[in-house]
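Okay, here's what each chain looks like letter by letter:
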Amino acid sequence: MSDLLFGLDTFGDVPQDDAGNLVSHAAAIRQVVDEAVLADQLGVDVIALGEHHRPEYSVSTPETVLAGIATRTSRIRLASGVTVLSSDDPVRVFQRFATVDALSNGRAEVILGRGSFTESFPLFGYDLRDYDTLFEEKIDLFVKLLDEKPVTWSGTLRAPLENADVFPKTESGRLDTWVGVGGSPQSVVRTAQYGLPLMLAIIGGAPDRFAPYIDLYRRAAEQLGTTAHPVGMHSPGFIADTDAEAKEIYWPHYRIMRDRIGKLRGWPPIRRQEFDSEVENGSLYIGSPETVARRMARAIRSLGVGRFDLIYSAGAQPASARMRAVELYGSKVIPMVRELLA
């Protein structure tokens, strides 16, 4: 399991300062950069930044923040988590990530997805009725751009390209590209069709229930004659010195955020016992380093994944507690998981 990778994910949730006040969006972005620098120093393999266009989150352009992180780090891989390709332009996404790749000496990764929120569609002038077609056409174009040769392409929702060459090129000749999937079998098969690595968003329920998706990905790749890469998973969690402390820091802010989203989606308010059950048996990796390491090792072993990314922010957890969570993840949790899986 030495080639197992460990990452951290954040959407740049706006945290509280030590006085309990929300910081500005600008301060929240600088906080993310500081957390990434610490993760780099501690040997974490990847930092992944999600794209959102909502007031609770500070990161709307992951690649811009990643470019800043690139100049202050030396080894950590720099990923989006995810880039909402449907409401962006594939050529521009490629150019921006190729630029991050240059600034970081080849450490950039793009994780493409459809996104779990829809704010970006009206913001950038896209019709939600085209939700599926937008992603299908744009990923098709993006995969062609990955060859870094002149592209001829046409679709129904974007102007065609005729022998278009796109710059800058990467030094390696290939930009690392994943597809983030939340649980649609069709998306899993599409990822296999393009021969791209699969990143599973496992944000609720027992992780084992995602085993059929990994099996589907491998079978589809075999039947389509493409490569089945090691699968990644990302799940929410939080680490503090003790189990009780981790829960008490995480729960109040998580509840506010979960209920705010739930209201939009018709979910009932979350109860504390649901939260505790998810921490015990589901996909919330919350607790002391020992507790989180044990649960991560179990999930990695049961699914056979090659990468685990922890979404370490959810709501307005204090900035100082978040830094401590990053520190414990890099210095204690990762070494413990490696030991448990050895």
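Data block above holds the structure.
Here's a quick rundown of the structure. (Residues numbered from 1 in each chain as written. Predicted model: local features only at pLDDT ≥ 70, side-chain atom pairs only at ≥ 80, totals over all residues. Heavy atoms only, no water.)

1. Section: unusual backbone geometry
Cis geometry marks the peptide bond from Gly81 to Val82, where omega comes out at 10 degrees. Relative to the elements of secondary structure, Val82 occurs in the loop between β3 (77-80) and β4 (83-84). Residue Phe167 is joined to Pro168 through a cis peptide bond whose omega torsion reads 0 degrees. Residue position: Pro168 is located in the loop between β7 (161-164) and β8 (176-181). (Helix = DSSP H or I, 4+ residues; strand = E, 2+ residues; numbered from the N terminus.)

2. Quick look at the side chain of Arg190
Here Arg190 is to be found in helix α6 (residues 185-193). With relative accessibility at 8%, the residue Arg190 sits in the buried group. (Buried < 20%, exposed > 50% of the residue type's maximum accessible area, 1.4 Å probe, protein only.)

3. So, the pairing of strand β5 (residues 108-113)
Among the 6 residues in β5, 6 count as buried, and that is most of the element. Burial of β5 is two-sided: the residues Ala108, Val110 and Leu112 facing one way and the residues Glu109, Ile111 and Gly113 facing the other way are all buried. Sheet analysis places β3 next to β5, joined by 2 bridges and oriented parallel. Looking at the pairing, Ala79 lines up with Glu109 of β5. Pairing of β4 with β5, which is carried by 2 bridges, proceeds in the parallel orientation. Bridging from a neighbouring strand, Val84 pairs with Gly113 of β5. Note that the unit made of β4, helix α3 (residues 90-103) and β5 has a crossover that is right-handed. Pairing geometry for β5 and β8, over 4 bridges, is parallel. Of the residues in β8, the one forming a bridge with Leu112 is Val179. (Pairing = 2+ DSSP bridges. Right-handed = clockwise from strand over helix to strand, strands pointing away.)

4. A word on the layout of surface pockets
The computed volume of the second largest pocket comes to approximately 370 Å³. Take the lining of the second largest pocket: its biggest share by element is 3 residues, from β8. Classifying every residue of the lining of the second largest pocket by side-chain character gives 10 nonpolar, 5 polar and 6 charged. (1 Å grid on protein atoms, 1.4 Å probe; cavity = no way out; pocket = protein on both sides within 12 Å on 5 of 7 lines; lining within 4 Å. Points joined across faces, edges and corners; volume = space filled by probe spheres on them. Nonpolar A, V, L, I, M, F, W, Y, C, P; charged D, E, K, R; others polar.)

5. Observations regarding helix α1 (residues 25-42)
Taking 1.5 Å of rise per residue, the 18 residues of α1 would be expected to cover 26 Å, and the 26 Å separating its terminal C-alpha atoms lies within 8% of that figure. Where α1 is buried, its residues meet β1 (5-10), β2 (46-49), α2 (62-70) and α11 (319-341). A positive phi of about 90 degrees marks Gly43, the residue just after α1. (Expected span 1.5 Å × (residues − 1). Contact = heavy atoms within 4.5 Å.)

6. A short note on the pattern of salt bridges
By the definition in use, this model includes 29 salt bridges. Notably, a salt bridge pairs Asp88 with Arg96, separated by 2.6 Å at the nearest N-O pair. Given a relative accessible area of 26%, Arg96 falls into the partly exposed group. Between Lys247 and Glu280 there is a salt bridge, with its nearest N and O atoms 3.9 Å apart. Taken together, the residues Lys247 in helix α8 (residues 243-265) and Glu280 in helix α9 (residues 272-281) connect sequence positions 33 residues apart. Classification of Lys247 as buried rests on a relative accessible area of 18%. What makes Glu280 partly exposed here is its relative accessible area of 46%. When salt bridges that share partners are traced, they join Arg77, Glu109, Asp176, Arg307 and Asp309 into one network. (Salt bridge = Lys/Arg side-chain N within 4 Å of Asp/Glu carboxyl O.)

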